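If you want the building blocks of each chain, they are given just below.
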Amino acid sequence: MTIRNRIALQFSLIVASILVIFSVLIYVVSATYRREEFYDRLKNKGRTTVRFLVEVKEVDQTLLKIIDRNTLTALFDEKVLIFDEHNQLIYSSVDDQVIDYSPALLTEVRREKDIETHSGSNELVGLLYRQNGRDLVILASAYDQFGRSKLANLRLTLGWGLLVGLSVTIGLGIFFAGQSLRPISQLNEQVTTITAGNLQRRLDEGNRQDEIARLAINVNDLLRRLEQAFEQQRSFVSQTSHELRTPLAALKSEIQLGLLHPLTVAEHETILQNLLSDADRLIGLTNSLLQLARTLETIDQLPRHPIRTDDSLFAARDELTAARPQYQIDIDYGNIPESETETLVAGNDDLLKQVFINLLDNACKYSPDHTARVRISTDNTHCHIAVSDRGIGLTPEEITRIFEPFYRATTALDYPGFGIGLSITARLIQLHHGTLSVKSEPGQGSTFTVSLPHL
Ligand code: ADP
């Protein structure tokens, strides 16, 4: 069942229940009121009749019958019977028909003094009338033709009202549910037109206020992020091919040179040396690419443990200086951590070490003195590791781009590298819920600060 029909059905059920309850209530109250009123009229009739008979000397039975029959307020099928203390009928307003009564009924009237009951479809009241020590019983009965026909009319009106009300409710329910869900149908239609090829399309955000508009805004945000991711992917692939093409082209021209004409052993050796260095560069590049791909793909499944950042930093320094003995790395503490946990972070040891290796390597690589200074400091929430150098530095414009894969500042082109390390580093820090900030002055040096939330 569609949401539109479900809402319409629920709406109709609620309104229908209210209408039915309301109608039944009106009918029951009206029926009760009619009965009460009619009983009152019957009692009045009975009392008037007995008073005429017993208290007004001038009125005898015959006159009373004539009055009864000709009175304007006579009720339909009206009968009044009066019994003496021995249950002998002493007056009957009609002779041809009698009220269906039994001695038990008369006894009950004497006991209860006032009873309201039925005789077939007629209402019947019984009253005890005390006069000069005589206990007379009056039975008055009539058919409430006027009241009952009013009630039948009411029944008919309520029935039709209910039917019409329900039909209108169902119609309006379907109409309004359709109206309020129309923006969703429109969104639906717009979403189906969006494919990987036209991710720049956006959904109509309507009034930007209601729930559906907010859904459209969120989907648009999602599309924006997807578009960016697709764009990054596209430029990553084209940059990667470009980066791979350069050393491959160099390899090819070296080989062509070797095949051109007979060469001396020394010339062969030079060509082989060049081939080796190009192959090394290719291996280095593919390794970096592989690392970047792995970082992006499998990182979320990697186990995380409490790790001491300073331990990880010392391990990174040892590994780096073992591979490049010319590097000098000095580590000190900005403040003494108040507790052990201030340098403890939840993370992955190898990846955190990779972060520090990348930053330390850059600091030493891009400084003439090949020296990096590291300062560890902590506060209530974070552990900060600042890696500084007195190297070539970066302009503010370059700082905004150095985290893009393959980006290298022009001043860095004389140094070995592929422009991938920092994009991996930034991603790894982000996965450790940390931040990386950069301060740099061209020609003066740079400081890269990693801030990680500690345990
Ligand atoms: P790579 O060092 O291999 O070029 P990275 O991704 O590590 O790649 O760095 C990207 C760019 O950021 C570098 O090419 C360089 O221009 C700049 N950079 C990174 N670290 C430093 C630094 N400590 N001093 C100056 N420039 C830096």
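Reading the values: rules and limits
- Residues numbered from 1 in each chain as written.
- Predicted model: local features only at pLDDT ≥ 70, side-chain atom pairs only at ≥ 80, totals over all residues.
- Heavy atoms only, no water.
- Helix = DSSP H or I, 4+ residues; strand = E, 2+ residues; numbered from the N terminus.
- Rg over C-alpha atoms; globule rule 2.2 N^0.38 Å.
- Buried < 20%, exposed > 50% of the residue type's maximum accessible area, 1.4 Å probe, protein only.
- Contact = heavy atoms within 4.5 Å.
- Near = heavy atom within 4 Å.
- Polar contact = N/O pair within 3.5 Å; in protein donor to acceptor, adjacent residues only side chain to side chain.
- Areas by Shrake-Rupley, 256 points an atom, 1.4 Å probe, with all protein chains shown as cover.
- 1 Å grid on protein atoms, 1.4 Å probe; cavity = no way out; pocket = protein on both sides within 12 Å on 5 of 7 lines; lining within 4 Å.
- Sits in = over half its atoms within 2 Å of the grid points.
- Nonpolar A, V, L, I, M, F, W, Y, C, P; charged D, E, K, R; others polar.
- Axes fitted to C-alpha atoms, helices over the stretch in contact; angles between N-to-C directions.
- Parallel < 35°, antiparallel > 145°, perpendicular 65-115°, else oblique.
- Left-handed = near helix turned anticlockwise from the far one by under 90°.
- Domains from an automatic or database assignment.
- Pairing = 2+ DSSP bridges.
- Patch = residues over 30% accessible without salt bridge, like charges linked within 9 Å, V, L, I, M, F, W, Y side chains within 5 Å.
- Salt bridge = Lys/Arg side-chain N within 4 Å of Asp/Glu carboxyl O.
- Arc of directions from axis to C-beta.

**Quick look at the overall build of the chain**
Now for step 1: In terms of regular secondary structure, the chain is built from ten helices and twelve strands.
Now for step 2: For 455 residues, the compact-globule estimate of 2.2 N^0.38 gives 23 Å, and the chain exceeds it by more than 25% at 51 Å.
Now for step 3: The C-alpha extent of the chain, read off along each of the three principal axes, is 160 × 60 × 35 Å.
Now for step 4: Sorting the 455 residues of the chain into buried and exposed places 37% on the buried side.
Now for step 5: Partitioning the intrachain contacts of the chain with sequence separation of at least 6 by distance along the chain shows that 65% fall at a separation of at least 24.

**Some points on the site of the ligand**
Now for step 1: Residues in close proximity to the ligand total 21 residues, the closest being Asn-362, Tyr-366, Arg-408, Ala-409 and Leu-422.
Now for step 2: Note that a nitrogen atom of the ligand is positioned 3.0 Å from one of the side-chain N or O atoms of Asp-389.
Now for step 3: Separating an oxygen atom of the ligand from a backbone N or O atom of Phe-418 is a distance of 3.0 Å.
Now for step 4: Its free accessible area being 530 Å², the ligand has 97% of it covered by the protein chains.
Now for step 5: Because more than half of its atoms lie within 2 Å of the grid, the ligand is assigned to the largest pocket.
Now for step 6: Elements that contribute at least two residues to the shell around the ligand include exactly helix 8 (349–365), helix 10 (421–431) and strand 12 (445–453).
Now for step 7: Along the lines of polarity and charge, the residues of the shell around the ligand split into twelve nonpolar, six polar and three charged.

**Some thoughts on the packing of helix 1 (residues 3–55) against helix 4 (residues 145–192)**
Now for step 1: The geometry of helix 1 relative to helix 4 is characterised by a closest axis approach of 8 Å and an angle of 165° between their N-to-C directions. Here helix 1 is positioned roughly antiparallel relative to helix 4, judged by the angle of their axes. Helix 4 is crossed by helix 1, and the crossing has right-handed handedness.
Now for step 2: Class assignment of the residues belonging to the contact of helix 1 with helix 4 gives a composition of 20 nonpolar, eight polar and four charged.

**Description of the domain arrangement of the chain**
Now for step 1: Per the domain assignment, the segments of the chain are domain 1 (3–151), domain 2 (211–295) and domain 3 (300–453).
Now for step 2: A C-alpha centroid distance of 102 Å is found between domain 1 and domain 3.

**Re the sheet that holds strand 4 (residues 122–131)**
Now for step 1: Spatial strand order, 2-1-5-4-3: five strands in an open sheet with antiparallel pairing. Each of the sheet's edge strands pairs with one partner strand only, and the pair in question is strand 2 (89–92) and strand 3 (114–119). The sheet shows a mean angle of 20° between the axes of neighbouring strands, direction not considered.
Now for step 2: Alignment of strand 1 (residues 76–83) against strand 2, held across three bridges, turns out to be antiparallel. Within the sheet, the bridge partner assigned to Ile-82 lies in strand 2 and is Tyr-91.
Now for step 3: Against the sheet, helix 1 makes contact with strand 1, strand 2, strand 3, strand 4 and strand 5 (134–143), and its axis sits at roughly 40° relative to strand 4, the strand it touches most.

**Quick word on the environment of Leu-248**
Now for step 1: With respect to the element layout, Leu-248 can be found in helix 5 (residues 211–260).
Now for step 2: C-alpha separation for the pair Leu-248 and Ala-279, spaced 31 residues apart in sequence, amounts to 8.5 Å.

**Focus on a nonpolar patch on the surface**
Now for step 1: Where nonpolar side chains cluster on the molecular surface, the patch consists of Phe-11, Leu-156, Trp-160, Leu-163, Val-164, Val-168, Leu-172, Phe-175 and Phe-176 and spans about 910 Å² of accessible area.
Now for step 2: For the nonpolar patch, the element with the most residues is helix 4, which contributes eight residues.
Now for step 3: The topology assignment puts Val-168 in helix 4.

**Points about helix 3 (residues 103–112)**
Now for step 1: Listed in full, the buried residues belonging to helix 3 are Leu-105, Leu-106 and Val-109. Taken end-on, helix 3 shows its buried residues confined to a sector of 100°, consistent with a single buried face. In helix 3, those exposed residues whose orientation departs by more than 90 degrees from the buried face are Pro-103, Ala-104 and Arg-111.
Now for step 2: Positive backbone phi, at 75°, marks Lys-113, one or two positions downstream of helix 3.

**Focus: the pattern of salt bridges**
Now for step 1: One pass over the full model with this rule turns up 20 salt bridges.
Now for step 2: Residue Arg-324 pairs with Asp-361 through a salt bridge whose shortest N-O separation is 3.8 Å. Of this pair, Arg-324 sits in the loop between helix 7 (309–323) and strand 7 (328–333) while Asp-361 sits in helix 8, placing them 37 residues apart in sequence.
Now for step 3: According to the relative accessible area criterion, Asp-361 is buried, its value standing at 16%.
Now for step 4: One salt bridge connects Arg-401 with Glu-404, and the closest N-O pair in it is separated by 3.1 Å.
Now for step 5: With a relative accessible area of 32%, Arg-401 lands in the partly exposed category.
Now for step 6: Overlapping salt bridges bring together Arg-34, Glu-123, Asp-144 and Arg-148 as one network.

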